[in-house]
Amino acid sequence: MEEWKLYRLLDLTDLIAGFAFKSADFSSVGFPVVKIKDIQPPFVNIEGTDKVNLSSYNTNKLQKFLISKGDFLLAMTGATIGKIGRYINEEQAYINQRVLKFVPKACVDSKFVYYCLFTHEFQSYVMNHIDSESAQPNISANTIGKYELAIPNIETQKKITNILSSLDSKIELNRRINDNLEQQAQALFKSWFVDFEPFRGEKFVESQLGMIPKGWKVGTLSDLLDIRYGKDHKKLNDGNIPVYGSGGIMRLADGILYNGESVLIPRKGTLNNVLYVNWPFWTVDTMFYSIEKVPNVAKYCHLLLSKLDLASMNSGSAVPSMTTDILNKIQVIIANQNVFSSFNECISSLYLKAKINLDENKRLSETRDLLLPKLMSGRLIIKDLHS
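Along its length, the chain carries eight helices and 23 strands. Here the chain has a C-alpha radius of gyration of 23 Å; the compact-globule value for 387 residues is 21 Å, and the two agree. Overall size of the chain, expressed as C-alpha extent along the three principal axes, is 80 × 60 × 40 Å. Taking as baseline every contact in the chain between residues at least 6 positions apart, the subset at least 24 positions apart corresponds to 72%. Within the structure as shown, the chain displays about 19400 Å² of accessible surface, and the carbon and sulfur contribution to it stands at 51%. Averaging the coordinates of the 45 positive side-chain charges in the chain and doing the same for the 41 negative ones gives two points 1 Å apart.

Written out as structure tokens, the structure is:
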């Protein structure tokens, strides 16, 4: 550890807090603006993020608030305070107020700083320096800049980040593969239930949703799914059961709310983040879960809801919100039972491949999280990994 030297974060990076865009200027069109809600570790998710019309802004003055692929951000306010996300999109975006951007200086490897922010030490520092007089959890860029960390020489930094990055790269590759698998599943859904390609030779009849094969009908989502509320998770102990919120997995606990095929639908927050699960889970009160009323319709409903813009059905004001009443009334095409069974069998292999990738990512994440504190503190020497 003799070669590791102590620095303040502000000595190693420039810290840029986001711009206060006017709330009246946000809409569904324009230039994307990353808000706190879009930081969903380990990435920044701009699917469905708010956009802003730049016609009333001086874009030259906004230049420093631009982010590009590879930049990493921190949430400075709210329930997700201290959370870190890397921006992986090709298109640029701006950062909104209370979002902090790190610009590492030449003396440090940018990825090394990124991984330092994931350590327990940094996260504890944030929790211990929250402004207690604020209406909600809050920390300033100046306070974050005073955080002290020990770093080795640049060569050792790169060796450490290469190990951690190799794990994250595989995780990201699996994520992209799963995105492709979902696109394949959506293409099959469109073929079967929008274009009706497998049923071209059959007789079609009029319906509220257009022409559909004879014997099918138009119903509502409530005909297929029983949508239920999630529950508080705070009294659960740590375990190995995923606990889902509207942003994804929040933690692992020892409680099981339901064990079986289910479509998880956000109630608050990121409303378009519809998930499919087929394993024991728990959902918190910001996430609905569902139970099949009809066999073999969970995957069908997942694909159906994923292609809808649930955010446009928002019933909330300050916080995007969904209700069971809105969901239950969504019109759906209800095919014959044998059609649902055949479709389920057709796409099950895609969902199985996605599950295998998710399981591998879980193992990779556990390995990374085990190595991270040891590598970032110098307790694990690089050569030990190759002995």
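By size, the foremost hydrophobic cluster in this structure holds 43 residues, and its most contacted members are F193, W216, L221, L224, Y300 and L327. Of all the secondary structure elements, the ones that give two or more residues to this core are α5 (154-193), β17 (225-228), β20 (258-266), α6 (298-306), β23 (331-334) and α8 (337-377). Sorting elements by how many residues they give to this core places α8 first, with seven residues. Not counting residues within four places of it along the chain, the set of residues in contact with W216 comprises W192, F193, F196, F199, I333, I334, A335, N336 and V339. Within the second largest apolar cluster, 38 residues are counted, among which are M76, F102, V126 and L372.

Before going further, it helps to examine the packing of aromatic side chains. For the coordinates displayed, the defined rule picks out 33 aromatic pairs. Centroid distance F199 to W216: 5.0 Å. Interplanar angle 75 degrees. Geometry classified as edge-to-face. Of the two residues, F199 is situated in the loop between α5 and β14 (204-205) and W216 in the loop between β15 (212-213) and β16 (217-220); the sequence distance between them amounts to 17 residues. Comparing F199 with W216 shows no difference in burial state: the two are buried. Measuring from centroid to centroid gives 5.1 Å for Y229 and F288, while their planes differ by 65 degrees, and the two rings are edge-to-face. Here the residue Y229 occupies a position in the loop between β17 and β18 (238-245), and F288 occupies one in strand β22 (residues 287-292), the gap between them amounting to 59 residues. What makes Y229 partly exposed here is its relative accessible area of 46%. F288 sits in the buried class, given a relative accessible area of 0%.

So, on to helix α3 (residues 120-128). Taken together, the buried positions of α3 are F122, Q123, Y125 and V126. The buried residues of α3 occupy one face: seen down the axis, they fall within an arc of 155 degrees. The outward face of α3, more than 90 degrees from its buried face, is lined by the exposed residues H120 and N128. Contact partners of the buried residues in α3: α1 (9-12), β9 (72-75), β10 (84-86), α2 (110-116) and α4 (141-145).

A few words now on the environment of N240. Mapping N240 onto the fold places it in strand β18. Sequence separation between N240 and L149 is 91 residues, and the spatial gap between their C-alpha atoms is 32 Å. Leave out the neighbours within four places in its chain, and N240 touches L252 and A253.

Before going further, it helps to examine the side chain of S165. In this fold, S165 is placed in helix α5. For S165, the residues in contact, after removing those within four places along its chain, are K111 and Y115.

Packing of α5 against α6 leaves a shortest axis separation of 10 Å and a crossing angle of 95 degrees. When the interaxial angle is binned, α5 and α6 end up roughly perpendicular. Of α6, the residues touching α5 (which contributes E182, A185, Q186, F189 and F193) are Y300, H302, L303, L304 and S306. The class makeup of the residues in the contact of α5 with α6 is six nonpolar, three polar and one charged.

The next point concerns the sheet that holds strand β4 (residues 31-34). Pairing is mixed in the open sheet, where five strands are placed in the order β3-β7-β4-β11-β8. Both edges of this open sheet fall to β3 (26-27) and β8 (66-67), since each of them pairs with a single strand only. Of the pairings in the sheet, the one linking β8 to strand β11 (residues 93-95) comprises two bridges and is antiparallel in character. Bridge pairing in β11 links L66 to Y94.

Our focus in this paragraph is the environment of F43. Following the sequence through the fold, F43 ends up in strand β6 (residues 43-44). As for F43 and L73, which are separated by 30 residues in sequence, their C-alpha atoms are 9.0 Å apart.

With that out of the way, let us pick up unusual backbone geometry. As a rule of thumb, non-glycine residues mostly have phi less than zero, and peptide bonds are mostly trans rather than cis. P42 follows P41 through a cis peptide bond whose omega is 5 degrees. In this structure, R98 is a non-glycine residue whose phi angle is positive, near 70 degrees. With respect to the element layout, R98 can be found in the loop between β11 and β12 (99-104). One non-glycine residue, F196, lies in the positive phi region at around 55 degrees. The topology assignment puts F196 in the loop between α5 and β14.

Parameters and conventions
Residues numbered from 1 in each chain as written. Predicted model: local features only at pLDDT ≥ 70, side-chain atom pairs only at ≥ 80, totals over all residues. Heavy atoms only, no water. Helix = DSSP H or I, 4+ residues; strand = E, 2+ residues; numbered from the N terminus. Rg over C-alpha atoms; globule rule 2.2 N^0.38 Å. Contact = heavy atoms within 4.5 Å. Areas by Shrake-Rupley, 256 points an atom, 1.4 Å probe, with all protein chains shown as cover. Lys, Arg positive; Asp, Glu negative; His and termini not counted. Charge placed at Lys NZ, Arg CZ, Asp CG, Glu CD. Core = buried A, V, L, I, M, F, W, Y, C linked by side-chain atoms within 4.5 Å. Buried < 20%, exposed > 50% of the residue type's maximum accessible area, 1.4 Å probe, protein only. Phe/Tyr/Trp six-rings, centres within 6.5 Å; stacked < 30°, edge-to-face > 60°. Arc of directions from axis to C-beta. Axes fitted to C-alpha atoms, helices over the stretch in contact; angles between N-to-C directions. Parallel < 35°, antiparallel > 145°, perpendicular 65-115°, else oblique. Nonpolar A, V, L, I, M, F, W, Y, C, P; charged D, E, K, R; others polar. Pairing = 2+ DSSP bridges.

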